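Spelled out from the first residue to the last, the chains are:
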Amino acid sequence: MLFGLEWYWWPVTLAVLAIAVPFKVKLLKWWGRQAREKKKRKRGKWGDEE
């Protein structure tokens, strides 16, 4: 078998990837949005205006 996996592991692997990839994309977008908001809130607090 390919990469030493039995045939029935391929659908399981593909299902996990089909769930994990969109979740990761959503998580990265959320993380970036949080970082921007944190930076925005921090700006101007202690005279460190840019």
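Residues numbered from 1 in each chain as written. Predicted model: local features only at pLDDT ≥ 70, side-chain atom pairs only at ≥ 80, totals over all residues. Heavy atoms only, no water.

A. Broad picture of the overall build of the protein. Along the protein, the regular secondary structure elements total 1 helix and 0 strands. A burial count over the protein gives 0% of its 50 residues as buried. Put simply, the protein shows about 5300 Å² of open surface, and 67% of that area lies on carbon and sulfur atoms. (Helix = DSSP H or I, 4+ residues; strand = E, 2+ residues; numbered from the N terminus. Buried < 20%, exposed > 50% of the residue type's maximum accessible area, 1.4 Å probe, protein only. Areas by Shrake-Rupley, 256 points an atom, 1.4 Å probe, with all protein chains shown as cover.)

B. The arrangement of a nonpolar patch on the surface in detail. Where nonpolar side chains cluster on the molecular surface, the patch consists of L2, F3, L5, W7, Y8, W9, V12 and V16 and spans about 900 Å² of accessible area. Structurally, Y8 can be placed in the segment before α1 (9-42). Classification of Y8 as partly exposed rests on a relative accessible area of 41%. (Patch = residues over 30% accessible without salt bridge, like charges linked within 9 Å, V, L, I, M, F, W, Y side chains within 5 Å. Salt bridge = Lys/Arg side-chain N within 4 Å of Asp/Glu carboxyl O.)

C. Inspection of the packing of aromatic side chains at higher detail. Counted by the stated rule, this structure contains 4 aromatic pairs. A ring pair is formed by F3 and W10, whose centres lie 6.2 Å apart and whose planes are at 50°; its orientation type is tilted. Members of the aromatic cluster, joined through ring pairs, are W7, Y8 and W9. (Phe/Tyr/Trp six-rings, centres within 6.5 Å; stacked < 30°, edge-to-face > 60°.)

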